Amino acid sequence: MKYKILKKEVGFMKLIIAIVQDEDSSRLISNLMNEGFGVTKLATTGGFLRSGNTTLLVGVDDAKFDAAMAVIEKVCKSRKQIATTPSPISGSTGGVYAPYPIEVMVGGATVFVLNVEQFIKM
Ligand code: 2BA
């Protein structure tokens, strides 16, 4: 072993990767921290809207997984957003595009859940 392990847990943990709207992120982090969860915030960008959103990494014991998901569900709201999407100008042959607005419903949260093989602090 080439490194000193301060803490190691094997199995029985999940990693929640939650993509949420920036507007909800501050309150969500506070609520999760108040409930004793560890949180890492990443500033991310949605591929479709090309605007900022927030991705949170939350490592939780299996026993506390439902509690963490309940906090995310409580805080994160769905909102309508206007996306400006380029569309070909009709009759154009030269690849000329004009932006037009479309309405999309974003969130509450997009959540990926992964089983954690090992959790190590060193
Ligand atoms: P965006 O990619 O910016 O997408 C924002 C919203 O635009 C989506 O909300 C959805 O309502 C709409 N949208 C996305 N792709 C679309 C398409 N091809 N046609 C029409 N409308 C589309 P959410 O579904 O709530 O997703 C919010 C954010 O979560 C996404 O931001 C993206 O950053 C992330 N996300 C969603 N699904 C994902 C996936 N399968 N993998 C990775 N990230 C994902």
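Everything here concerns the structure above.
### Observations concerning the overall build of the chain
Next, step 1: Counting its secondary structure elements, the chain contains two helices and eight strands.
Next, step 2: Listed N to C, the secondary structure of the chain is β-β-α-β-β-α-β-β-β-β in terms of helices and strands.
Next, step 3: Intrachain contacts of the chain at a sequence separation of at least 6 include 69% that bridge at least 24 residues.
Next, step 4: With an accessible surface of roughly 8300 Å², the chain has 55% of that area assigned to carbon and sulfur atoms.

### Looking at the nonpolar core
Next, step 1: Residues I16, L28, L32, F37, V58, V60 and I72 are the most contacted members of the largest nonpolar core, which totals 15 residues.
Next, step 2: For this core, the secondary-structure elements that each account for two or more residues are strand 2 (13–20), helix 1 (22–34), strand 4 (52–61) and helix 2 (65–75).
Next, step 3: The leading source of residues in this core is helix 2, at five residues.
Next, step 4: Among all residues touching L32, those that are not within four sequence positions of it are F37, V39, L56, V58, A68 and V71.

### Quick notes on the sheet that holds strand 2
By definition, the strands of a sheet pair up through backbone hydrogen bonds, in either a parallel or an antiparallel sense.
Next, step 1: Strand order in the open sheet formed by four strands is 3-4-2-7, and the pairing between neighbours is antiparallel. Each of the sheet's edge strands pairs with one partner strand only, and the pair in question is strand 3 (40–45) and strand 7 (109–115). Strand-to-strand twist in this sheet, taken as the mean axis angle between neighbours without regard to direction, amounts to 20 degrees.
Next, step 2: Two strands pair when backbone bridges link them, and strand 2 and strand 7 are joined in this way by seven bridges, in the antiparallel orientation.

What counts and what doesn't
Residues numbered from 1 in each chain as written. Predicted model: local features only at pLDDT ≥ 70, side-chain atom pairs only at ≥ 80, totals over all residues. Heavy atoms only, no water. Helix = DSSP H or I, 4+ residues; strand = E, 2+ residues; numbered from the N terminus. Contact = heavy atoms within 4.5 Å. Areas by Shrake-Rupley, 256 points an atom, 1.4 Å probe, with all protein chains shown as cover. Core = buried A, V, L, I, M, F, W, Y, C linked by side-chain atoms within 4.5 Å. Buried < 20%, exposed > 50% of the residue type's maximum accessible area, 1.4 Å probe, protein only. Pairing = 2+ DSSP bridges. Axes fitted to C-alpha atoms, helices over the stretch in contact; angles between N-to-C directions.

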